[in-house]
Amino acid sequence: METDLRLESSLWVGNKRHRAVLTGWNFNWTEVDKKNRDKKTISVPVAEVVGVEEGRVEILPQKLVEDKDKDFTVFYVKRSSSGGSSGLLWRLGRTQFSCPSRVLRDQWTEHLRTAVKTHSPSRPHKLLVFINPYGGKKKGRQIYHSLVAPLFELAGISSHVIVTERANQARDHLLKKDLTGFDGVVSVGGDGMFSEILHGLIGRTQQESGLCETDPAVTLQPCPLHIGIIPAGSTDCVCYATVGVIDPVTSALHIIIGDSQPLDVCSVYHASALVRYSVSLVGYGFYGDVLAESEKHRWMGPLRYDYSGVMVYLSNRSYTGVVQYLPADPMLSSPRDKTRCLSGCSVCSRTTERHFPHASDSGSLYSAHYSQFSNESEGDWVSVEGRFRCVSLTCMSSSCPRSPQGLSPSAHLADGTGDLILVWDTHPLGFLKFLHRHTSTQDQFDLPFVEVHRVKALRFSLPSSGREEEAYDGIAEQSVVIDEEEQSYVETVSGCGSQLRLAESSAGREMANGQKTANAFLCGLCCSKSPTVSVWNCDGEILPFTEILCRIHGQLVRLYARGIEDSTELQWGKGQV
């Protein structure tokens, strides 16, 4: 009970006396003047207390302890505006208190620690941490050991750290090794490392459930382990879209207090077999071409995306295709309703209540949710055919620092749907206007050649038979050469004998081996014939297939996050320090 944990006394912060009050849910301290009149009050939710230490203690930038037998230090979450970002920065707040006696000091530390355990049952105790030492500016290890590890130690979290040495090492570990005792898995890197962990956890969960994840008709089971993201890559779009800032300390504090954000996942199939999972973008046309072109210029770093974007835009390409989609219920939400998926999103909450009314039986209820994609819904599919600049499907806004609103500003993280964006062939200046609106607050869908639909599934195919062979020929021209071991990963899934094929990224090895192949993606500039097909960009990985099926799985994984907090409303207001 809240009253069981109540404690009240006078404490000193510096040379000023405060009246401190601990209830079950909040820890408040109010400065009082010499006439015992209240002045400024600071209130910290118990759930956001990071740690309590005896003495005068500092943690960052390095740990310093001054042993005072009547003092204690409280560490907690402190919010601040993040400037140009859409979310709030979290920092480690610290206040040192002095007590009249050591007995009272011990009472405060004991009560505070008990309150944290009582009201934060979902906090992790043991984490499996994967660090990509090569991602971004190659500072993954430094970021973890200097900024994140001290916070985990303060919060009493033990961690097993693995520094990866090869591609897909994290995925393979999660698929094969014993994960007993871990509460979650942490990715220290960019979107590529997160994707490895996503595939490993989803695959492991289906194996242990005896399910064949490669079957498009199977009901995938939600993953029991949470995923934490410490941004340290060249692209950190998933972190930005779920937290609102790209900041290692903010992400570490979300992990420590045990925040939980459900996340939809899109599964991508080709020829009735699983190809890959996606949480942000599955894009054909412009976005696929940009990725394929950028793979040749990895030595340029993040600048390669700008360069490749300009070159592909100047190529002025469009592609024919047949798009079929299964619409979501328009009465629930719309990609044009101007809402934003923020922390505590009502649309996602209603989805949780509708599909998971009893958390103790999430598997069977998830099955009921998945039945929306059964063959009974075949008659609801909508089909369009034509020539497109790009076809994009996203399960989130896909916002980033350069595009604060993202590909679809009103997309939701956990409503069981994705937003399908169709950009029909148009003149180059019109397409440039569409691209430019992603960097501003203008409505990128308010153009005559753009349409957007909220969907539960997507099929894409070529408009006539025999084109699939052309697609493979076109892709072969721009593919890099890799050895047999690197070409694909094949894992036999327990209980079904199916094979999981995940295309490996080979760009880093291309530069190392000095292997080069012809590339057709700039022929719009220098050749008379443009390619007849594009490739798919699936969360930054090229899919060597043209015809695919995509399905959205509602709330398949959970992140240590709470969604984007509205930066216009600092929750603590004037009471925040």
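Each residue is numbered by its place in its chain's sequence as written, counting from 1. Where local features are concerned, this predicted model is filtered to residues with pLDDT of at least 70; where side-chain atom pairs are given and counted, the filter is 80 or more; whole-chain, interface and lining totals use all residues. For side-chain calculations, the full set of non-hydrogen atoms in the structure is used, while hydrogens and water are omitted.

This paragraph deals with the overall build of the chain. A count of helical and extended segments in the chain gives 15 helices and 25 strands. The buried share of the chain, taken over its 577 residues, is 56%. Computed by Shrake-Rupley with a 1.4 Å probe, the accessible areas treat only the displayed protein chains as cover when residues are assessed. Split by element, the accessible area of the chain, about 24700 Å² in all, is 50% carbon and sulfur. Strands are runs of DSSP state E lasting at least two residues, helices are runs of H or I lasting at least four, and both sets are numbered from the N terminus onward. Burial classification: accessible surface area is computed with a 1.4 Å probe over protein chains only, and a residue below 20% of its type maximum counts as buried, one above 50% as exposed, and the rest as partly exposed.

Right, let's talk about the confidence of the model for the chain for a bit. For the chain, mean pLDDT is 84; residues scoring 70 or higher make up 81% of the total. Here residues 471-524 is a poorly scored stretch, pLDDT under 50, and it has 112 contacts once near neighbours within four places are set aside; other chains count. A residue's pLDDT is the confidence the predictor assigns to it, expressed on a 0 to 100 scale. Pairs of residues are marked as contacts when any of their non-hydrogen atoms sit within 4.5 Å. Segment residues 571-575 is flagged for pLDDT under 50; beyond a separation of four residues in sequence, or across chains, it makes 15 contacts in the model.

Here the focus is the nonpolar core. Formed by 48 residues in total, the largest nonpolar core has its most connected members in Phe130, Phe194 and Ile197. In terms of residue count, the dominant contributor to this core is helix H4 (residues 191-208) (6 residues). If near-sequence neighbours (up to four positions away) are discounted, Phe130 is found in contact with Ile162, Thr164, Ala170, His173, Leu174, Val185, Val186, Ser187, Val188, Met193 and Ile197. Remark: nonpolar core denotes a set of buried residues (Ala, Val, Leu, Ile, Met, Phe, Trp, Tyr, Cys) joined through side-chain atoms within 4.5 Å.

This next bit is on the environment of Ser403. Here Ser403 shows up in the loop between strand E18 (382-394) and strand E19 (418-424). Overall, the relative accessible area of 10% leaves Ser403 in the buried class. Sequence spacing of Ser403 and Ser440 is 37 residues, and the spatial spacing of their C-alpha atoms is 7.2 Å.

Defined by distance alone, a disulfide is two cysteine sulfur atoms within 2.5 Å. Using the criterion set out here, one finds 0 disulfides in the structure. Of all cysteine sulfurs in the structure, the one in Cys237 sits closest to Cys400, which takes part in no disulfide; the separation is 5.1 Å.

Stacked, tilted and edge-to-face pairs are distinguished by plane angle, under 30 degrees for stacked and over 60 for edge-to-face with tilted covering the rest, among Phe, Tyr and Trp rings (Trp via its six-membered ring) whose centres lie within 6.5 Å. Taken as a whole and judged by the stated rule, the model has 17 aromatic pairs. Judged by centre distance (6.0 Å) and plane angle (20°), the rings of Phe431 and Phe434 are stacked. Residue Phe431 and its partner Phe434 are located together in helix H11 (residues 428-436), separated by 3 residues, close to a single helical turn. Exposure class is identical for Phe431 and Phe434. Each is buried. Within the aromatic cluster, the residues linked to one another by ring pairs are Phe27, Trp29, Phe72, Tyr76, Phe97 and Trp108. Whether a charge sits over a ring depends on NZ of Lys or CZ of Arg being within 6 Å of the ring centre and within 35 degrees of the ring normal. In this structure, Lys126 is placed above the aromatic ring of Phe182, and the distance from its NZ or CZ to the ring centre is 4.8 Å. Positioned above the aromatic ring of Trp381 is the side chain of Arg459, whose terminal nitrogen or guanidinium carbon lies 3.9 Å from the ring centre.

Burial within helix H7 (residues 286-294) is extensive, with 9 of its 9 residues counted as buried. The complete set of buried residues in H7 reads Phe286, Tyr287, Gly288, Asp289, Val290, Leu291, Ala292, Glu293 and Ser294.

Of all the 6 residues making up strand E10 (residues 126-131), 5 are buried; the element is thus mostly covered by neighbouring parts of the structure. Sheet analysis places E10 next to strand E11 (residues 158-163), joined by 6 bridges and oriented parallel. Residue pairing across strands places Lys126 opposite Ser158, the latter belonging to E11. Taking the sense of rotation as the criterion, the β-α-β connection linking E10, helix H2 (residues 140-154) and E11 turns out right-handed. Here a strand pair is declared whenever DSSP counts at least two bridges between the two strands. Summarising the sheet, E10 and strand E12 (residues 184-189) pair through 5 bridges and their orientation is parallel. Note on handedness: a clockwise path from strand one over the helix to strand two, with the strands aimed away from the viewer, defines a right-handed crossover.

Following the sequence through the fold, Glu66 ends up in strand E7 (residues 64-66). The sequence separation of Glu66 and Arg56 amounts to 10 residues, and the corresponding C-alpha distance is 5.0 Å. If sequence neighbours within four positions are ignored, Glu66 has contacts with Gly55 and Arg56.

What follows concerns helix H3 (residues 169-176). With 6 of 8 residues buried, H3 lies mostly within the body of the structure. Burial in H3 covers these residues: Gln169, Ala170, Arg171, Asp172, Leu174 and Leu175.

Further remarks concern unusual backbone geometry. Of note, the bond from Leu60 into Pro61 is cis; its omega dihedral lies within 30 degrees of zero at 5°. Mapping Pro61 onto the fold places it in the loop between strand E6 (56-58) and E7. With a phi close to 60°, Lys138 is a non-glycine residue in the positive phi region. Take Lys138: it is sitting in the loop between E10 and H2. A positive phi angle, close to 50°, is found at Asp539, a residue other than glycine.

Below, the discussion takes up empty space enclosed by the protein. Over the atoms, a rolling probe the size of a water molecule traces out where space has been left empty. A pocket here means an open set of points on a 1 Å grid, computed over the protein atoms alone, that has protein on both sides within 12 Å along at least five of seven lines. A cavity is instead a set of points where a 1.4 Å probe fits but cannot get out; residues with an atom within 4 Å of a point line either one. Grid points are joined across faces, edges and corners, and a volume is the space filled by probe spheres set on the points. Under the definition given, this model contains 4 cavities of 30 Å³ or more. Put simply, the largest cavity is a space of about 120 Å³. Along its surface, the largest cavity is lined by 13 residues, and Arg340, Cys341, Ser397, Pro409 and Ile564 are the ones closest to its centre. For the lining of the largest cavity, the residue count by class is 7 nonpolar, 5 polar and 1 charged. Of the voids in this model, the second largest cavity is the one considered here, and its volume is about 60 Å³. If you go around the second largest cavity, the residues you meet are Gly285, Phe286, Asp289, Val312, Tyr313, Asn316, Arg317, Arg389 and Phe431. Sorting the residues of the lining of the second largest cavity by element identifies H7 and helix H8 (303-315) as the ones contributing at least two each. Three categories are distinguished: nonpolar for Ala, Val, Leu, Ile, Met, Phe, Trp, Tyr, Cys and Pro, charged for Asp, Glu, Lys and Arg, and polar for the others, with Gly belonging to the last. Class assignment for the residues of the lining of the second largest cavity results in 4 nonpolar, 2 polar and 3 charged.

What follows covers the pattern of salt bridges. Between side chains of opposite charge, a pair can form when the charged atoms approach closely. In what follows, salt bridge is the name for a side-chain nitrogen of Lys or Arg lying within 4 Å of a carboxyl oxygen of Asp or Glu. Going through the model one piece at a time under the given rule, you end up with 28 salt bridges. The residue Arg105 makes a salt bridge to Asp106 at a minimum N-O spacing of 2.9 Å. Among the residues examined, Asp106 registers a relative accessible area of 33% and is labelled partly exposed. Between Asp172 and Arg166 there is a salt bridge; the shortest N-O distance is 3.0 Å. The class of Asp172 is buried, set by a relative accessible area of 9%.

Inspection of the secondary structure assignment puts Val50 in strand E5 (residues 49-54). Under the relative-accessibility criterion, Val50 is labelled buried at 4%. Sequence separation between Val50 and Leu154 is 104 residues; the distance between their C-alpha atoms is 7.4 Å. The contact partners of Val50, leaving out residues within four places of it in the chain, are Phe75, Tyr76, Val77, Leu92, Arg123, Leu154, Ala155, Leu253 and Ile256.

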